[in-house]
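# Structure at a glance
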Amino acid sequence: MTRRLRIAAAGAAGAAIIAAGAVPALAGEGTKDRPAVTHGQAAARGQLISARYLGTRSADEVRAWLATEGFDASSVRYGVDSYRLIYRTVDARGRATVASGLFVLPRNGERKLRTVSYTHGTTSYIGDAPSMAQAVWGPGPAVTYGAAGFAAAAPDYLGLGEGPGVHPWKDVPTETSASLDMLRAARQFTSREHRELDGRVFVTGFSQGASSALGLARALQDGADPHFRLRAVAPISGGYDFGGVELPALLDGRVDPKTSVAYLSYLLTSWNRIHGGIYGKPSDIFKEPYASRVEKYFDGTTPGQVMLKGLPGTLGELLTPRGFEVLRHPSGTFAEALRVDGEVCTAWTPRVPVRLYKITNDDQAVTANTDHCAAAFRARGAGVPVVDVGDKVYGGSRHLGSNIAGTALAVRWFSGLR
């Protein structure tokens, strides 16, 4: 298909990884490992468990590396050191778990650093998460911010990277907690490097991560951690109004049919696992032969291209009448999950600068999502500008291209805010 989902990332990781910890090595990885936290220490949220050195790039190397996938390198000023952090957080039921993420530090000699939190777009395979991926797409934005002089934190989310369990896709509460706890772990790691995060946090994210970014911004503004202060927010191409805008577009053919099949399969299996009440067994809403394998496709161990090849080309081949009914007339736990998902734009009023980045004719997160989010903020008295990122295509997709173009705009905006 020409309009590739990033969940079909090619070459980003090797063979399927079944067990947490069986991770592909990166160049230079492992030579500066930090010791794990001992069992006698308190299991506090955000507590750093370990940090693995992933490698160093000079500024020239960063520019050349970013250019291989079309990322803008004009903001690169410094070389970077990259690390995979593993830290304590909570799962969707509030139980203790661990998660991983990519942390990038600039080689600029500054002791005190401003921080960017970047939350990534959809991936269904653990090896495509930012701290694991070896292609540019996954870690590219975090490296861009690091090379511009920020400390950059990019959480893998729950169940991706080295985190145990299955990723709860499009669950803003756990995306928020994983992002906040990543910042806490990053602060601890930075102090071990005899540097300091100065508390100012610039929040951004793409697609799925755009909603995550707003969730984190809301938590920081509400004082979730006394050390961190929200400075500015720049989400890119989010599916913010999933119930009112995105879901109808996926159902009525405004989004590529194969893309719709993948996203809705992921949504239904994830939200049934998190919330329950959507189906008792997969065959209630998925037709065979897909009912027998759809949950396996989204358990983190199946590479995206294998998943896409195994799913049908249209929703009519995928869903039973009951499956269409769930999506066309949301009720119960599914309707409540849609409401909570939309609260990133409807339930709080930003008190810091916010820019919503979009691309016209978005082929995955249809552009009206951003317009609805901006309108919701305006209704609460917050004038949030919408910025069109221009024409940028990546892998045949304008949606994916907006991540590259939006990152270039956001890093320049953040760098100019003092």
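The rules behind these values
- Residues numbered from 1 in each chain as written.
- Predicted model: local features only at pLDDT ≥ 70, side-chain atom pairs only at ≥ 80, totals over all residues.
- Heavy atoms only, no water.
- Core = buried A, V, L, I, M, F, W, Y, C linked by side-chain atoms within 4.5 Å.
- Buried < 20%, exposed > 50% of the residue type's maximum accessible area, 1.4 Å probe, protein only.
- Helix = DSSP H or I, 4+ residues; strand = E, 2+ residues; numbered from the N terminus.
- Contact = heavy atoms within 4.5 Å.
- Expected span 1.5 Å × (residues − 1).
- Axes fitted to C-alpha atoms, helices over the stretch in contact; angles between N-to-C directions.
- Parallel < 35°, antiparallel > 145°, perpendicular 65-115°, else oblique.
- Left-handed = near helix turned anticlockwise from the far one by under 90°.
- Nonpolar A, V, L, I, M, F, W, Y, C, P; charged D, E, K, R; others polar.
- Polar contact = N/O pair within 3.5 Å; in protein donor to acceptor, adjacent residues only side chain to side chain.

## Focus: the nonpolar core
Leu85, Phe103, Phe189, Val203, Leu214, Leu220 and Tyr240 are the most contacted members of the largest nonpolar core, which totals 45 residues. Top contributing element to this core by residue count: helix 3 (residues 172–192), with 8 residues. If we skip the residues at most four places from it in the chain, Leu214 touches Val233, Pro235, Tyr240, Val344, Cys345, Trp348, Cys373 and Phe377. Among the nonpolar cores identified, the runner-up in size contains 40 residues, and Ala59, Val76, Trp137 and Val389 belong to it.

## Some points on helix 12 (residues 368–379)
Taking 1.5 Å of rise per residue, the 12 residues of helix 12 would be expected to cover 16 Å, and the 16 Å separating its terminal C-alpha atoms lies within 8% of that figure. On its buried side, helix 12 packs onto helix 4 (208–221), helix 5 (242–252), helix 11 (332–346), strand 8 (356–358) and strand 9 (386–388). Positive phi appears at Gly381, one or two residues downstream of helix 12, with a value of about 90°.

## Looking at the packing of helix 1 (residues 59–67) against helix 2 (residues 140–147)
As a packed pair, helix 1 and helix 2 sit with axes 11 Å apart at the nearest point and diverge in direction by 150°. With respect to helix 2, the axis of helix 1 lies roughly antiparallel. Considering the relative orientation of helix 1 and helix 2, their crossing is left-handed. Only Gly140, Val143, Thr144 and Ala147 of helix 2 make contact with helix 1, whose side of the interface consists of Val62, Trp65 and Leu66.

## Regarding the packing of helix 4 against helix 11
Across the interface, helix 4 lies against helix 11 with an axial gap of 9 Å and an inter-helix angle of 65°. With respect to each other, helix 4 and helix 11 are oriented roughly perpendicular. Where helix 4 crosses over helix 11, the handedness of that crossing is left-handed. Residue-level contacts link Ser211, Leu214, Gly215 and Arg218 of helix 4 to Glu343, Val344 and Cys345 of helix 11. Across the contact of helix 4 with helix 11, the residue classes tally to 3 nonpolar, 2 polar and 2 charged.

## Side note on the side chain of Asp198
Looking at where Asp198 falls in the secondary structure, it is placed in strand 6 (residues 196–206). Take Asp198: its relative accessible area is 18%, and that puts it in the buried class. Residues in contact with Asp198, not counting those within four places in the same chain, are Lys112, Leu113, Arg114, His227 and Arg229.

## Details of the environment of Ser212
Relative to the helices and strands, Ser212 is located in helix 4. Residue class for Ser212 comes out buried when judged on its relative accessible area of 0%. In this structure the side chain of Ser212 is engaged in a polar contact, spanning 3.2 Å, whose partner is the backbone oxygen of Gln208.

## A short note on helix 13 (residues 398–416)
The first and last C-alpha atoms of helix 13 sit 27 Å apart over 19 residues, in line with the 27 Å expected at 1.5 Å per residue. Of all 19 residues that make up helix 13, 15 are buried, and the element is covered over most of its length. Structurally, the start of helix 13 carries an N-cap: the backbone nitrogen of His399 is 3.2 Å from a side-chain oxygen of Ser397.

Honestly, it's all geometry; don't read function into it.
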